[in-house]
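# Inside the fold
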Amino acid sequence: MDLLAPTLDPHCHEAAHLPEAAFRPFGIKAIARGKASCPVVESRVGTFRFGVLRRFGRATVARRRLLVVAPMAGGYPVLLRDLLTALLSELDEVFITDWPDSRYVPKSVGTFGLGDNILHVEAMIRAVGPASHVVAVCQGVVPALAATALLSAAGDATVPQSLTLVGGPADPMANPSRVVRLLRERPLAWFEKNVIEKVENLYPGRGRRIYSRSHQLETFSAYALRHMIEKRELFWKSLFDDGEDPVRFPFVSLCWSLMDIPAELLLGMVRDVFQRDCLAKSNLHAGGRRVELRAIARTALATIEGEEDDISAPGQTSAAHALCPGIPQDLRRKLMLRDSGHFALFHGSKARSIVVPAILELIEASGRRTTHMPARLAS
């Protein structure tokens, strides 16, 4: 059995029994709008085989629906809380893909590889419904872009009206970062042998193969130490937390709270995205279907990158424009955050004051199909 092969159905009755310990709460009860405080209602609107679709809504008629596709790369989706609250201050209804800690997912639920990740995001977009908008962050860029392509090729009514890609590896070879080079220099067998382990019997996921949080802590510690020594982004954000709620959800706590991810997802990302560059080469499959990015034609596309991003280096995300030739020019946007690293793209003052307005502008443009592009969004 190929452990990297996807399980076709993203739905599974066993997923309904995922314990709350598999997730981290967002703690969003209200958001500020000017001087007023608006209550926010959180609900679980979809339970899938390996994840939950959460909805955050205000007590108004929802005019624009937006789905945030969180990465399943080690950090809990609550890492995107700052971005989520900023979007909620402008939109009435925001959804997010909430991925569980694999340690708590029973082995009987099945494996979860890159193909499954894509199929889950596709199913979640369908669940949100027609005329929706999608924002994908970091490694969430790959499944969101692929799912949009599958929906477009099928002529599905729920094809996103707009898609904003934020700091992710649409084409990691467009500008290989240190992370990409490290992932490419070792064979897949090395990762199998050195970073994959099984869940202990004490947990619901006993026997499941995972890339554990302990291994991730080693990697992230080395990354953070380099930032501290060189006084880069993590150094400054640790000293001056510019998050929306730094008391209850401090940036340091969000970054260092890591979860176990499925072994097959890690191995699939390493093999198909970073080593073989399958998405860019139209050689990625999910559920027996080839992902053809050229099929995307009705979805407005924006790419947002950090000038000093050392995880998804500048060029990796904006490469999506060349990979999606079917999108009209008036439905394209590029934004480069000057003097910004990876984390500023979704956490802090720049995310709230620059990234969110850019997302909102694309949403508006996707409705009016204007050829005008404000100077602040020029690359």
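Going by the structure above, here's the rest.
Residues numbered from 1 in each chain as written. Predicted model: local features only at pLDDT ≥ 70, side-chain atom pairs only at ≥ 80, totals over all residues. Heavy atoms only, no water.

The secondary structure content of the chain amounts to 11 helices and 14 strands. With the C-alpha coordinates aligned to their principal axes, the bounding extent of the chain is approximately 55 × 45 × 40 Å. Every one of the 379 residues in the chain was classed for burial, and the buried ones make up 59%. A sequence separation of at least 24 residues applies to 78% of the contacts in the chain between residues at least 6 apart. Split by element, the accessible area of the chain, about 15,100 Å² in all, is 55% carbon and sulfur. Across the chain, the mean location of the 47 positive side-chain charges is 2 Å away from that of the 40 negative side-chain charges. (Helix = DSSP H or I, 4+ residues; strand = E, 2+ residues; numbered from the N terminus. Buried < 20%, exposed > 50% of the residue type's maximum accessible area, 1.4 Å probe, protein only. Contact = heavy atoms within 4.5 Å. Areas by Shrake-Rupley, 256 points an atom, 1.4 Å probe, with all protein chains shown as cover. Lys, Arg positive; Asp, Glu negative; His and termini not counted. Charge placed at Lys NZ, Arg CZ, Asp CG, Glu CD.)

Below, the discussion takes up the sheet that holds strand β2 (residues 36–48). Through backbone hydrogen bonds, the strands of a sheet pair up, either in parallel or in antiparallel fashion. On the basis of which strands lie adjacent, the open sheet formed by nine strands has the order β1-β2-β3-β5-β4-β6-β7-β13-β14 and mixed pairing. The open sheet has two free edges, formed respectively by β1 (30–33) and β14 (332–337), since each of these has just one partner strand. The mean inter-strand angle of the sheet, taken between neighbouring strand axes irrespective of direction, is 20 degrees. With five bridges connecting them, strand β6 (residues 132–137) and strand β7 (residues 162–166) associate as parallel partners. Residue pairing for β7: Val 137 is matched across the bridge by Val 166. Most of the contacts of helix α1 (residues 81–88) go to strand β5 (residues 93–98), to which it runs at about 160 degrees, and overall it touches β1, β2, β3 (51–58), β4 (65–69), β5 and β6. Sheet strands in contact with helix α11 (residues 349–368) are β4, β6, β7, β13 (300–306) and β14, and its direction is about 175 degrees off that of β14. (Pairing = 2+ DSSP bridges. Axes fitted to C-alpha atoms, helices over the stretch in contact; angles between N-to-C directions.)

Sheet architecture is open: three strands sit in the order β8-β9-β10, paired in antiparallel fashion. Looking at the sheet topology across the chains shown, the edges are occupied by β8 (196–198) and β10 (261–262). In the packing of helix α6 (residues 213–230) onto the sheet, the strands contacted are β8, β9 (209–211) and β10, and the crossing angle to β9 comes to about 20 degrees.

Turning to the packing of aromatic side chains, a few remarks are in order. Taken as a whole and assessed by the stated rule, the structure comprises 11 aromatic pairs. Both rings, one in Tyr 104 and one in Tyr 203, keep their centres 5.8 Å apart while their planes meet at 90 degrees; by these two values the pair is edge-to-face. Residue Tyr 104 is found in the loop between β5 and α2 (114–128), and its partner Tyr 203 is found in the loop between β8 and β9; the two are separated by 99 residues along the sequence. When its relative accessible area of 27% is taken as the criterion, Tyr 203 is described as partly exposed. Their ring planes at 85 degrees and their centres at 4.9 Å tell us that Phe 235 and Trp 236 sit as a pair that is edge-to-face. Accessibility expressed as a relative area gives 44% for Trp 236, which makes it partly exposed. By the ring-pair criterion, three or more aromatic residues cluster together here, those being Phe 50, Trp 99 and Phe 112. (Phe/Tyr/Trp six-rings, centres within 6.5 Å; stacked < 30°, edge-to-face > 60°.)

With five of five residues buried, β7 is to be regarded as a mostly interior element. The two faces of β7 match: Ser 162, Thr 164 and Val 166 on one face and Leu 163 and Leu 165 on the other face are all buried. Both β7 and β13 contribute to a ladder of five bridges, which runs parallel. Paired with Leu 165 across the bridge in β13 is Thr 303.

It is worth spelling out helix α9 (residues 263–275) at this point. One turn of an α-helix holds 3.6 residues; hence residues three or four places apart share an orientation. With respect to burial, α9 is a largely interior element, 12 of its 13 residues being buried. Two residues or fewer past α9, Asp 277 is found with a positive phi of approximately 55 degrees.

This paragraph deals with the pattern of salt bridges. Inspection of every chain in the model, using the stated rule, returns 27 salt bridges. The closest approach of N and O atoms between Arg 44 and Glu 20, which form a salt bridge, is 2.9 Å. Here Arg 44 is found in strand β2, whereas its partner Glu 20 is found in the segment before β1, with 24 residues between them in sequence. Judged by relative accessible area, which is 31%, Arg 44 ranks as partly exposed. Put simply, Glu 307 and Arg 338 hold a salt bridge, and the shortest N to O gap is 3.8 Å. One end of the pair, Glu 307, is in the loop between β13 and α10 (320–323); the other, Arg 338, is in the loop between β14 and α11, with 31 residues separating them in the sequence. (Salt bridge = Lys/Arg side-chain N within 4 Å of Asp/Glu carboxyl O.)

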